[in-house]
Amino acid sequence: MNKTSTRLADGRELVYYDLSDATSRDAADRRPLEPTVTSSGIRHDPLLGDAVAIASHRQGRTYHPPADQCPLCPTRGDRLSEIPDSSYDVAVFENRFPSLAGDSGRCEVVCFTSDHDSSFSELSEKQVWLVLDAWTDRTTELSRLPAVQQVFCFENRGPEIGVTLQHPHGQIYGYPFITPRTASTLRRLAAHREASGGENLFDAVLDRELADERVVLTGEHWAAFVPYAAHWPYEVHLYPRRRVPDLPALDEAARTEFPQIYLELLKRFDRIFGPGEPPTPYIAAWHQAPFGQLADFEGVSRDDFALHLELFTIRRTSGKLKYLAGSESGMSVFINDVPPERAAERLREVASS
């Protein structure tokens, strides 16, 4: 992997990740941009303890631009974009309209390919390996920022999810706190360790899932399953078989196998609802151990956390979405219309031949 760091016209960082070590990146951002000004701040809910990011400047962010004005495509002639070079393999840059910035964290955009009409599932295994390297490198780099306690790499795909740019891309958030979801998991880890006499909850869950009927796909180093209490109509969790706390801790064998396993999962997601259906909208979310202090979670260390990816869709059947209505939005109690066992069966049915 060849890494080149540069700056955009308004001072934001841009990093190219290239498959070839011989690639040179020296194109300048020719746009007349003023320095980026953000108004991101964090407020805490006194009843729930949750942190909420207030980012009013995002109201003016780019929204569904035509393909010939896509800001994530490479610069071509006089059509200037966020990527000054005329082509790229993978590019990462600071978000121009971040939810988190400065002392409130950091937000980055990850462009998976320069091909506007492609998707993650259409990348080659080499390209996916490069994206994995980019995720890993950004996790390491963001973890060094004083304001960042947790790094979250994710992809939203599809207008149903709320995606405003159709170019294949994801995001990386560097949170200045441990997220509520992760904090809840850490509390469960601590409670299970105490109740079981030292057993790791992630290990116990993975062992149970691999012995059940909801397994979707396995490799030598990775395992994918629909969880017993799946929240979403079609939801798959992908774990490395050897527990590690984050992406930088993956060994070479797991990194090598990941592209094949992940591409197969994404292709199956696009086949769930049958031929002729539009691409399946999904969220793909990496869960990594926080870098902040874990003193509030007695007996739990970073190494007790298990890196994993959660892939799910809000489409429950052809032409119908799963909405977060009263119970889900009001009380955080999910109601799933698709039995996890049936979801796993369907994801096995649509395997590549």
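For the structure itself, consult the block above.
Per chain, residues are indexed from 1 in the order of the written sequence. pLDDT decides what is reported in this predicted model: residues at 70 or higher carry local features, side-chain atom pairs at 80 or more are listed and counted, and totals for whole chains, interfaces and linings draw on all residues regardless. Processing note: side-chain calculations cover all non-hydrogen atoms of the structure and skip hydrogens and water entirely.

1. Focus: the packing of helix α1 (residues 125-143) against helix α4 (residues 252-269)
Test applied: Convention adopted: a line fitted to C-alpha atoms gives each axis, helices being fitted over their contacting stretch, and angles between N-to-C directions are expressed from 0 to 180 degrees. Helix numbers and strand numbers start at the N terminus; a helix is a DSSP run of H or I with at least 4 residues, a strand a run of E with at least 2. Between 65 and 115 degrees an angle is taken as roughly perpendicular, under 35 as roughly parallel, over 145 as roughly antiparallel, and anywhere else as oblique. When the near helix sits turned anticlockwise from the far one by under a right angle, the crossing is termed left-handed; a clockwise turn instead gives a right-handed crossing. The contact rule is simple, with two residues in contact once any of their heavy atoms fall within 4.5 Å.
Running from N to C, α1 and α4 point in directions that differ by 120°, and their axes come no closer than 9 Å. If you check the angle between α1 and α4, you find them oblique. The way α1 lies across α4 gives a crossing that is right-handed. Across from E125, V128, W129, L132, D133, W135 and T136 in α1, the residues of α4 making contact are E252, R255, F258, P259, Q260 and L263.

2. A closer look at the nonpolar core
Under the convention used in this document: Nonpolar cores are built from buried Ala, Val, Leu, Ile, Met, Phe, Trp, Tyr and Cys residues. Side-chain atoms within 4.5 Å join them into one set. For the exposure calls, accessible area comes from a 1.4 Å probe over protein chains only, and a residue counts as buried if that area is under 20% of its type's maximum, exposed if over 50%, partly exposed in between.
Core analysis: the largest hydrophobic core is formed by 51 residues, its most contacted members being F120, W135, L238, F258 and W286. Among the elements that line this core, the one with the most residues is α4, at eight residues.

3. Things to note about unusual backbone geometry
The backbone of S332 shows a phi angle near 60°, a positive value even though the residue is not glycine. Along the chain, the position of S332 falls in the loop between α5 (326-331) and α6 (340-349). What makes S332 exposed here is its relative accessible area of 61%.

4. Brief notes about the side chain of D29
Worth spelling out the cut-off: Side-chain atoms alone can form a polar contact between residues adjacent in sequence; in general such a contact is a pair of N or O atoms within 3.5 Å, and within protein one must be able to donate a hydrogen while the other accepts it.
Looking at where D29 falls in the secondary structure, it is placed in the loop between β2 (13-18) and β3 (41-44). The buried category is assigned to D29, whose relative accessible area is 14%. Engagement of the side chain of D29 in a polar contact is seen with the backbone nitrogen of A9, the distance being 2.9 Å. A distance of 2.9 Å separates a polar atom in the side chain of D29 from a polar atom in the side chain of R31. Residues in contact with D29, not counting those within four places in the same chain, are L8, A9, S81 and P84.

5. Topic: the layout of surface pockets
Here is the rule we go by: With a 1 Å grid spanning the protein atoms alone, the term cavity applies to any set of points in which a 1.4 Å probe fits but cannot get out, the term pocket to an open set with protein on both sides within 12 Å along at least five of seven lines, and the term lining residue to any residue with an atom within 4 Å of a point. Grid points are joined across faces, edges and corners, and a volume is the space filled by probe spheres set on the points. Basically, the charged four are Asp, Glu, Lys and Arg, the nonpolar ten are Ala, Val, Leu, Ile, Met, Phe, Trp, Tyr, Cys and Pro, and anything else, Gly included, counts as polar.
In this structure, the second largest pocket encloses a volume near 250 Å³. Forming the boundary of the second largest pocket are 20 residues, of which S119, R157, G158, Q166 and P279 lie nearest the centre. For the lining of the second largest pocket, the leading source of residues is strand β7 (residues 150-157), giving three residues. A class-by-class count of the residues in the lining of the second largest pocket yields eight nonpolar, eight polar and four charged.

6. Quick notes on the packing of aromatic side chains
What counts here: Ring pairs shown here join Phe, Tyr and Trp side chains whose ring centres sit within 6.5 Å, with only the six-membered ring taken for Trp; geometry is labelled stacked below 30 degrees between planes, edge-to-face above 60, and tilted in between. Only Lys NZ and Arg CZ are tested; either one counts as a charge over a ring when it is within 6 Å of the ring centre and within 35 degrees of the ring normal.
Scanning all chains against the criterion turns up 20 aromatic pairs. Ring plane angle 85° and centroid distance 5.2 Å describe the contact between F154 and Y173, whose orientation is recorded as edge-to-face. Here the residue F154 occupies a position in strand β7, and Y173 occupies one in strand β8 (residues 169-175), the gap between them amounting to 19 residues. The class of F154 is buried, set by a relative accessible area of 8%. A relative accessible area of 13% means that Y173 is categorised as buried. Taking 5.1 Å as the distance between ring centres and 65° as the angle between the ring planes, the aromatic pair formed by F202 and F305 counts as edge-to-face. Here F202 is found in helix α3 (residues 201-210), whereas its partner F305 is found in the loop between β12 (282-287) and β13 (308-313), with 103 residues between them in sequence. Among the residues examined, F202 registers a relative accessible area of 9% and is labelled buried. The ring of Y228 has R208 sitting right over it, with the charged end atom 5.1 Å from the ring centre. Over the ring of F291 we find R302, and its NZ or CZ is 4.4 Å from the ring centre.

7. Quick look at α6
Given 3.6 residues to a turn, an α-helix orients residues that are three or four positions apart in the same direction. Applied cut-off: Arc definition: directions from the helix axis to the C-beta atoms.
Within α6 the residues assigned to the buried category are P340, A343, A344, R346 and L347. Along α6, the residues classed as buried sweep out an arc of 160° about the axis, all on the same side.

8. What to know about the state of the cysteines
This is how it is decided: Here, two cysteine sulfur atoms that lie within 2.5 Å of each other are counted as a disulfide.
Tallying each qualifying case throughout the model produces zero disulfides. Considering cysteine sulfurs only, C153 is the nearest to C107, which forms no disulfide, with 12 Å between them. Of the residues examined, C107 reaches a relative accessible area of 3% and is grouped as buried. C111 takes part in no disulfide bond, and the closest cysteine sulfur, belonging to C70, lies 7.8 Å away. Look at C111 and you get buried, because its relative accessible area is 0%.

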